[in-house]
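Breakdown of the fold
So the chains spell out like this:
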Amino acid sequence: PRSLRVAVIPGDGIGQEVMPEGLACLRAAAERYNIDLELDEQFKDWATCERYLETGSMLPEGWKEKLSTYDAIYFGAVGMPEKVPDHISLWGSLIQFRREFDQYISLRPCKLMPGIPCPLSNKKIGDIDFWVVRENTEGEYSSIGGKMFPNTSREFVVQDTIMTRTGVDRVLKYAFELSNSRPKKHLTSATKSNGISISMPYWDERVLEMSKSYQDVKVDKYHIDILTAWFVLRPELFDVVVGSNLFGDILSDLGPACTGSIGIAPSGNINPEGDWPSLFEPVHGSAPDIAGKGIANPVGMIWAGQMMLEHFGFKDAADTMMRSIEIALESGGENIRTPDIGGKGTCQSLGSHIASLISKI
Ligand code: NAD
Ligand code: IPM
Ligand code: MN
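Residues numbered from 1 in each chain as written. Chains lettered and ligands numbered in written order. Predicted model: local features only at pLDDT ≥ 70, side-chain atom pairs only at ≥ 80, totals over all residues.

Quick look at the overall build of the protein
Stated formally: Each helix is a run of DSSP H or I of at least 4 residues and each strand a run of E of at least 2, with the numbering of both proceeding from the N terminus. Within these notes, the globule rule equals 2.2 Å times the number of residues to the 0.38 power, and the radius of gyration is based on C-alpha atoms.
Counting its regular elements, the protein contains 12 helices and 12 strands. The C-alpha atoms of the protein give a radius of gyration of 20 Å, which matches the 21 Å a tight globule of 361 residues would have. Along the three orthogonal principal directions, the C-alpha set of the protein runs to about 60 × 50 × 40 Å.

What follows is the structure, given as structure tokens:
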């Protein structure tokens, strides 16, 4: 169906600044391609630290039922670390969405884009072009554990890593399928089975087992420490990289940093079965250091919107959004580009430039 209902949650800091640019681009795409796109902006104060400071919770009661009725959530960023501890704000919002809506895939492209200087030497377009597939609901991000003997000399904390067979297998299956659909058919698994002696050997064991069903996919594995080194030294080695929740988190900031700015990177938090809404957001956070200055790069937010349209099968609109982002990055002048990519422009100058390209290219 050519219709899509989206709950819009901008959140904190630059989330509030990049969101209007993302919405303008989505509206331009929807208009051009006749998509009946509902962008419901009634959630402006949801998942904000201000709300937490006023009410003691990031989300109102009944949030799950209310958001369940949407196809997708378009999400900015959360965090105001000076006023609210990060684990409170994030576990009270984004992490709840991922877990309660069973968004077990975090899909994050790392792509060297035209017009953005690469911080790695001698890299050309095409040399960095891979996907990080991150497990998004379990692993190291578990709430099992606690503090014992507080305020005594025996004080300690413990936090368990949970890897369920279902949880590991489903993210691996997704990553193998994605690899299989790409020309190189190459999957890299992030491990650390030399040091983390129970969960990581288990991860490796499931990779090996799953690989038997994908004979055409070339699989390799690297320990996370050397894998981060190869990201920097030889990013052209990678096609699809699959990792646990924490490893995938780290790789999906490092990958985009290798392409010039984390401000351009998008992310899909996907429930592949469609039983629950999927969530699309930039990889970056609320960036308190630049919030309020109007200079945040809106491309991560806009590209996340592109991923959302692609996910729901609006291929023509998604392709046009992607091309518009590329053209803007390649040929948008100094007064259009944001400072993180070498310009003097603003969030709005770059965002509205992309939106106008979407309408006319
Ligand atoms: P961050 O991504 O917010 O910022 C890291 C650095 O990158 C900062 O210097 C920032 O100015 C820069 N940056 C980020 N996005 C940019 C953009 N679009 N354009 C230009 N520069 C950009 O990461 P952080 O500093 O670790 O976290 C800040 C807050 O955001 C914390 O509260 C953290 O928990 C939260 N956070 C939230 C999310 C999310 O909501 N998905 C993700 C990451 C961090
Ligand atoms: C991300 C972020 C989150 C994560 C934080 C804010 C909880 O870093 O989306 O990558 O660790 O998943
Ligand atoms: Mn992260």
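Next comes the rest of the write-up.
Side note on the pairing of strand β4 (residues 105-111)
Two faces, one strand: in a regular strand the side chains alternate between the faces of the sheet. Stated precisely, the cut-off is as follows: As a rule, residues whose C-beta atom has 12 or fewer other C-beta atoms within 10 Å are exposed, those with 20 or more are buried, and those in between are partly exposed; C-beta atoms are placed from the backbone. In short, DSSP must find at least two bridges between two strands for them to pair.
Of all the seven residues making up β4, six are buried; the element is thus mostly covered by neighbouring parts of the structure. By the bridge criterion, seven bridges tie β4 to strand β5 (residues 129-135) in an arrangement that is antiparallel. Among the inter-strand pairings, Lys 111 is bridged to a residue of β5, identified as Asp 129. As paired strands, β4 and strand β11 (residues 266-270) are joined by three bridges and run antiparallel to one another. Each residue of the ladder has a partner; that of Ser 106, found in β11, is Asn 269.

Examining the environment of Asp 340
Heads up, the rule is: Remark: residues whose backbone-derived C-beta atoms lie within 7 Å of one another are considered to be in contact.
With respect to the helices and strands, the residue Asp 340 is situated in the loop between α11 (315-331) and α12 (347-360). Asp 340 sits in the partly exposed class, given 19 other C-beta atoms within 10 Å. Setting aside anything within four residues of it in sequence, one finds Asp 340 in contact with Ser 261, Gly 263 and Asn 297.

Some details on the packing of helix α1 (residues 14-32) against α11
So the rule is basically this: Think of each axis as a best-fit line through the C-alpha atoms, taken over the contacting stretch in the case of a helix, with angles from 0 to 180 degrees between the N-to-C directions. Reported orientations rely on four angle classes, namely roughly parallel under 35 degrees, roughly antiparallel over 145, roughly perpendicular from 65 to 115, and oblique for the rest. Crossings are sorted by hand: turned counterclockwise from the far helix by less than a right angle, the near helix makes the crossing left-handed, and turned clockwise it makes it right-handed. Residues are grouped as follows: nonpolar covers Ala, Val, Leu, Ile, Met, Phe, Trp, Tyr, Cys and Pro; charged covers Asp, Glu, Lys and Arg; every other residue, Gly included, is treated as polar.
The contact between α1 and α11 brings their axes to 10 Å, and the two run at 135°. As the angle between them shows, α1 and α11 are arranged oblique. For the element pair α1 and α11, the recorded crossing hand is right-handed. Note on element contacts: α11 touches α1 through Ala 317, Thr 320 and Met 321, opposite Cys 25, Ala 29 and Arg 32. Residue classes in the contact of α1 with α11 are distributed as four nonpolar, one polar and one charged.

Remarks on the packing of α1 against helix α10 (residues 299-311)
Orientation of α1 relative to α10, taken along the N-to-C sense of each, is 40°, at an axis distance of 8 Å. Here α10 runs oblique to α1, going by the angle between their axes. The way α1 lies across α10 gives a crossing that is right-handed. Residue-level inspection shows Val 18, Met 19, Glu 21, Gly 22, Cys 25, Leu 26 and Ala 29 of α1 in contact with α10, the latter providing Met 301, Ile 302, Ala 304, Gly 305 and Leu 309. When the residues that make up the contact of α1 with α10 are grouped by side-chain class, the tally is nine nonpolar, two polar and one charged.

Considering the site of ligand 2
Note the following rule: We call a residue near a molecule or strand when its C-beta atom, built from the backbone, sits within 6 Å of it.
Surrounding ligand 2, one finds Leu 90, Ile 95, Asp 249, Val 283 and Gly 285. Split into classes, the residues belonging to the shell around ligand 2 amount to three nonpolar, one polar and one charged.

Digging into the UniProt feature "domain: Isopropylmalate dehydrogenase-like" (unreviewed entry) in the protein
Rules: UniProt positions are given in the numbering used here, feature names are shortened, and annotations may be inferred rather than shown by experiment.
Per the UniProt record, "domain: Isopropylmalate dehydrogenase-like" (unreviewed entry) is annotated on residues 5-354. With 39% helix and 19% strand, the stretch residues 5-354 has end C-alpha atoms that lie 23 Å from each other.

Focus on helix α9 (residues 245-258)
To keep it simple, the criterion reads: Expected helix span is given by 1.5 Å per residue-to-residue step, counting one fewer step than there are residues.
For α9, built from 14 residues, the straight-helix expectation of 20 Å at 1.5 Å per residue is met to within 8% by its first-to-last C-alpha distance of 20 Å. Considered for burial, the residues of α9 that qualify are Asn 245, Phe 247, Gly 248, Asp 249, Leu 251, Ser 252, Gly 255, Pro 256 and Cys 258. Just downstream of α9, Gly 260 is the residue with a positive phi angle, here 115°.

Here's the deal with the site of ligand 1
The environment of ligand 1 is formed by 22 residues, the closest being Gly 79, Gly 263, His 284, Gly 285 and Asn 297. Of the residues contributing to the shell around ligand 1, the split by class is 11 nonpolar, seven polar and four charged.

Notes on the domain arrangement of the protein
Note the cut-off: Annotation comment: domain bounds sourced from an automatic or database domain assignment.
Segmentation of the protein into domains returns domain 1 (1-104 + 265-361) and domain 2 (118-259). Each of domain 1 and domain 2 was reduced to a C-alpha centroid, and the two centroids are 24 Å apart. Counting residues at the interface gives 10 residues for domain 1, matched by 11 residues for domain 2. Broken down by element, the side of domain 1 that touches domain 2 gets its largest block of residues, three residues, from helix α5 (residues 94-100).

Looking at the nonpolar core
Convention followed: Defined on buried residues, the nonpolar core groups Ala, Val, Leu, Ile, Met, Phe, Trp, Tyr and Cys residues joined through C-beta atoms within 7 Å.
By size, the foremost hydrophobic cluster in this structure holds 105 residues, and its most contacted members are Cys 25, Ala 29, Ala 72, Ile 73, Val 133, Val 242 and Ile 354. Counting the residues that make up this core, at least three belong to each of domain 1 (1-104 + 265-361) and domain 2 (118-259). Apart from residues lying up to four places away in sequence, Ile 73 is in contact with Ala 7, Ile 9, Leu 67, Phe 97, Pro 277 and Leu 279.

Things to note about the sheet that holds strand β3 (residues 72-77)
Spatially, the 10 strands line up as an open sheet ordered β2-β1-β3-β12-β11-β4-β5-β10-β8-β9, and their pairing is mixed. At either margin of the open sheet sits one strand with a lone partner, and together these are β2 (36-40) and β9 (218-223). If you compare each strand with its neighbour and ignore which way they point, the axes differ by 20° on average. One ladder, built from three bridges, connects strand β8 (residues 186-191) with strand β10 (residues 240-243); its direction is parallel.

Re unusual backbone geometry
For Phe 149, which is not glycine, the phi torsion reads 45° and is therefore positive. Residues other than glycine seldom take positive phi values, yet Ala 287 does so here, at roughly 45°. Taking the number of C-beta atoms within 10 Å as the measure of exposure, Ala 287 has 22 and is therefore buried.

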